[in-house]
Amino acid sequence: MRELELSAKTVEEATRIALLQLGVAREEVDIIVVKKGKSGVLGVGAEDARIKVVLLDDERQPGATSDAADSARQVLCDILH
């Protein structure tokens, strides 16, 4: 079973980044919110959200995606960061 744990400002942003990195649709993963995060007051005391994403169907082999898809995924990840 393949899983990924990461942080971002919001749970939604972390989910979007994880899906791009894994190259899967939302329906293909189980998302567990480890820490919801908080915005703080004027940014003071803000904490990132932390999620764990687990692939539900791990039939995909590493390298199963095309080079173009991998390149597009990397560009989108860089933009989101």
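Read on for an overview of the structure. All values reported here derive from a predicted model rather than from experimental measurement. (Residues numbered from 1 in each chain as written. Predicted model: local features only at pLDDT ≥ 70, side-chain atom pairs only at ≥ 80, totals over all residues. Heavy atoms only, no water.)

### Some words on the pattern of salt bridges
Pairing between side chains of opposite charge can happen when their charged atoms approach one another. Quick note on the threshold: The salt bridge definition used is simple: a Lys or Arg side-chain nitrogen within 4 Å of an Asp or Glu carboxyl oxygen. To qualify as a helix, a DSSP run of H or I must reach at least 4 residues; to qualify as a strand, a run of E must reach at least 2; elements of each kind are numbered from the N terminus. In this scheme, a residue with accessible area under 20% of its type's maximum is buried, one over 50% is exposed, and one in between is partly exposed, where area comes from a 1.4 Å probe on protein chains only.
According to the stated counting rule, one finds three salt bridges in the structure shown. Across the pair lysine 52 and glutamate 3 runs a salt bridge, and its minimum N-O distance is 3.6 Å. On the criterion of sequence distance, the pair formed by lysine 52 in strand β3 (residues 49-55) and glutamate 3 in strand β1 (residues 3-8) is long-range, its members being 49 residues apart. For glutamate 3, a relative accessible area of 45% gives the class partly exposed. Of the charged contacts, one joins lysine 35 and glutamate 47 as a salt bridge, the two residues approaching to 3.5 Å between their closest N and O atoms. With lysine 35 in strand β2 (residues 29-35) and glutamate 47 in the loop between β2 and β3, the pair connects residues that are 12 residues apart, well separated along the chain.

### Regarding the side chain of arginine 73
Rules: Throughout this description, a polar contact denotes any pair of N or O atoms lying within 3.5 Å of each other; where both atoms belong to protein, one of them has to be capable of donating a hydrogen while the other can accept it, and for residues adjacent in sequence the pair is counted only when both atoms sit in side chains.
Topologically, arginine 73 is positioned in helix α2 (residues 67-80). Looking at arginine 73, its side chain comes within polar contact range of the main-chain oxygen of leucine 20, at 2.6 Å.

### Concerning helix α1 (residues 11-22)
Formally: Every helix has an expected span of 1.5 Å times one less than the residues it contains.
The terminal C-alpha atoms of α1, which comprises 12 residues, lie 16 Å apart, in line with the 16 Å expected from a rise of 1.5 Å per residue. With nine of its 12 residues buried, α1 lies for the most part within the structure. Among all positions of α1, only Val11, Glu13, Ala14, Thr15, Ile17, Ala18, Leu19, Leu20 and Leu22 are buried. Positive backbone phi, approximately 70°, marks glycine 23, located one or two places after α1.

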